[in-house]
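Here's the letter readout for the chains.
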Amino acid sequence: MNRTKLLPTLIATTTMLLATTGKVEAITFAGTSSGSWGLPVVSAGAEFLSNENGGTNNRLTWGIPPASSFKNYVQYDGLGFSTGLNTQFAVGDLTYRNGSTFNSFNGDFPLEVKLSFTNPFNSAENFNYIFNIFNSPNITGDPVLDGDKLKFQANGLTSDTFNFGGVDYTLNLIGFSSDGGNTFLSEFNSPEGSTAEAMLYAEIVDVPEPTAVFGLGLLGVYLAGSLKKKPQ
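Residues numbered from 1 in each chain as written. Predicted model: local features only at pLDDT ≥ 70, side-chain atom pairs only at ≥ 80, totals over all residues. Heavy atoms only, no water.

Peer 1: Account for the sheet that holds strand β5 (residues 80-84), with residues named and values stated.
Peer 2: Hydrogen bonds between backbone groups are what pair the strands of a sheet, and the pairing can be parallel or antiparallel. The 6 strands are arranged β5-β1-β7-β8-β9-β12 in an open sheet whose pairing can be described as antiparallel. The open sheet is flanked by β5 and β12 (187-190), the only strands paired with a single partner. Strand-to-strand twist in this sheet, taken as the mean axis angle between neighbours without regard to direction, amounts to 35°. Where strand β7 (residues 107-119) meets strand β8 (residues 123-134), 11 bridges bridge the pair, whose relative direction is antiparallel. Looking at β8, one finds that glycine 107 is bridged to isoleucine 133. (Pairing = 2+ DSSP bridges. Helix = DSSP H or I, 4+ residues; strand = E, 2+ residues; numbered from the N terminus. Axes fitted to C-alpha atoms, helices over the stretch in contact; angles between N-to-C directions.)

Right, here's the structure in full:
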């Protein structure tokens, strides 16, 4: 095997891959987002979806309240965005109203986030996630401790991707923030008897091609082997 020829070839290939990565970093993705909830698979209450602020099924409501309280709901309102690759941005505004209700549910339910791009292309791409809700039993009398908790599952990852310029991209969820992205929480806590708001943050990331990973890995294996064989 001619190692002299192999090494320049691997370096050239790796240089090309890194140069390509440098180019996609400069892309600006812009457009608007929207979100649609789905019903939970297992529930003990009467859930229904409604259209709010021009959205479609973007409010999920549940529970039967006593006269002194109100139904629970979680609502997703889309936002405009302009962001680079691997850059955190607010993708949606979440509102959670936490009432004292009967027939609440705990468990998973889906959210589909749609990004309607205007730059660098005109297209709408959908990304599906699983969220989880814990409705507190309200036994402490402290509104914060009795607060309901909303979080996303699977670390905010999705198998949905889109392709631009021959590169696959996806949307990863980062966390919730109530201070403009200065701090993030993995759970959105809505105190009992209140309506809380938080921004849902995300980032657009590229999905490495298997050949690119293989090429970089092969270069590492070759260099490691060469170092081992270097005469003392």
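Peer 1: So what's going on with the nonpolar core? Residues and values would help.
Peer 2: Core analysis: the largest hydrophobic core is formed by 38 residues, its most contacted members being Phe131, Leu171 and Ile204. Residues contacting leucine 171, with those up to four places away along its chain left out, are Phe89, Val91, Val113, Leu115, Phe127, Tyr129, Gly156, Thr158, Ala202, Glu203 and Ile204. (Core = buried A, V, L, I, M, F, W, Y, C linked by side-chain atoms within 4.5 Å. Buried < 20%, exposed > 50% of the residue type's maximum accessible area, 1.4 Å probe, protein only. Contact = heavy atoms within 4.5 Å.)

Peer 1: Break down the pairing of β8 for me, with residues and values.
Peer 2: As a general feature of sheets, a regular strand has side chains that alternate between the two faces. Hairpin connection from β7 to β8: 3 residues lie between these consecutive antiparallel strands. Strand direction decides the pairing type here: β8 and strand β9 (residues 148-152), joined by 4 bridges, are antiparallel. Note that in β9 the partner of phenylalanine 134 across the bridge is lysine 149.

Peer 1: A description of the pattern of salt bridges should follow, citing residues and the corresponding values.
Peer 2: For the structure shown, the criterion picks out 1 salt bridge. With a shortest N-O distance of 4.0 Å, glutamate 52 and arginine 59 are connected by a salt bridge. (Salt bridge = Lys/Arg side-chain N within 4 Å of Asp/Glu carboxyl O.)

Peer 1: How would you sum up the packing of aromatic side chains? Please name residues and give values.
Peer 2: Under the defined criterion, the tally for this structure stands at 21 aromatic pairs. When the ring of phenylalanine 121 is compared with that of phenylalanine 162, the centres are 5.9 Å apart and the planes differ by 50°; the resulting orientation is tilted. On the criterion of sequence distance, the pair formed by phenylalanine 121 in the loop between β7 and β8 and phenylalanine 162 in strand β10 (residues 162-164) is long-range, its members being 41 residues apart. An identical accessibility class is assigned to phenylalanine 121 and phenylalanine 162; each is buried. Through pairs of rings, three or more aromatic residues link up here, namely Phe29, Phe81, Phe89, Phe117, Phe121, Phe127, Phe162, Phe164 and Tyr169. Sitting over the ring of tyrosine 73, arginine 59 keeps its end group 3.8 Å from the ring centre. (Phe/Tyr/Trp six-rings, centres within 6.5 Å; stacked < 30°, edge-to-face > 60°. Lys NZ or Arg CZ within 6 Å of the ring centre and 35° of its normal.)

Peer 1: Give me the lowdown on unusual backbone geometry, citing residues and values where you can.
Peer 2: Geometrically, the link from asparagine 119 to proline 120 is a cis peptide bond, its omega value of 5° lying close to zero. Tracing the chain through its elements places proline 120 in the loop between β7 and β8. Phi is positive for asparagine 53, close to 55°, though the residue is something other than glycine. Given a relative accessible area of 67%, asparagine 53 falls into the exposed group. Phi is positive for asparagine 155, close to 55°, though the residue is something other than glycine. Tracing the backbone shows asparagine 155 in the loop between β9 and β10.

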